[in-house]
Amino acid sequence: MAIRKIREMGDEVLTKPCKEVTKMTLRTKILIDDMLDTMYEAYGVGLAAPQVGILKRIVVIDVGEGPIVLVNPEIIETSGEQTGEEGCLSVPGKSGQVTRPDYVKVRALNEEMEEIELEGEGLLARAFCHEIDHLDGKLYVDLVEGELHDVNYEEPEDGEEV
């Protein structure tokens, strides 16, 4: 597994729509493993392939309940509304208020290219929307209500849990 460089706002790869994945190859499996490693290394809850420079419709998410891999995901149902702080590994040190659906149902393929449907509420619903936006070349900063603001992440003290 490898940690890949996370592309940052201003990199044009983040503005391009991604291509569908038509078959699971060894290279794609390695990409998925690298994306998970990269997301965990950066303390993120989600990462989309274009954030590591690959224009494929793949996202990985982990909101604390274990990793989710979505290939060619699409949102098929939403309801409710939530407004909250949102940040992005491609926009380091910044966050802003974004309104998203509170419930989201997605259809996607898993790593075995089998169709799956997943439902999420709260943070998971937000992550589904945020990461799928990346696949269409959209960044959350376009949805921010008001201004982006700086986020100061405290470095953990020696022996402190992150």
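Refer to the structure presented above.
Computed from a predicted model, the values in this text were never measured in an experiment. (Residues numbered from 1 in each chain as written. Predicted model: local features only at pLDDT ≥ 70, side-chain atom pairs only at ≥ 80, totals over all residues. Heavy atoms only, no water.)

A. Seen up close, the pattern of salt bridges. Tallied over the entire structure, the rule returns 12 salt bridges. Across the pair Arg4 and Asp34 runs a salt bridge, and its minimum N-O distance is 3.0 Å. Taken together, the residues span a long stretch of sequence, with Arg4 in the segment before helix H1 (26-41) and Asp34 in helix H1 at a distance of 30 residues. With relative accessibility at 24%, the residue Arg4 sits in the partly exposed group. For Asp34, a relative accessible area of 5% translates into the label buried. When the shortest N-O distance is used, the salt bridge between Arg57 and Asp136 registers 3.1 Å. Of this pair, Arg57 sits in the loop between strand E1 (46-48) and strand E2 (58-61) while Asp136 sits in the loop between helix H2 (123-135) and strand E8 (145-150), and the two are 79 residues apart along the sequence. For Arg57, a relative accessible area of 12% puts it in the buried group. When salt bridges that share partners are traced, they join Glu74, Lys105, Arg107, Glu115 and Glu117 into one network. (Salt bridge = Lys/Arg side-chain N within 4 Å of Asp/Glu carboxyl O. Helix = DSSP H or I, 4+ residues; strand = E, 2+ residues; numbered from the N terminus. Buried < 20%, exposed > 50% of the residue type's maximum accessible area, 1.4 Å probe, protein only.)

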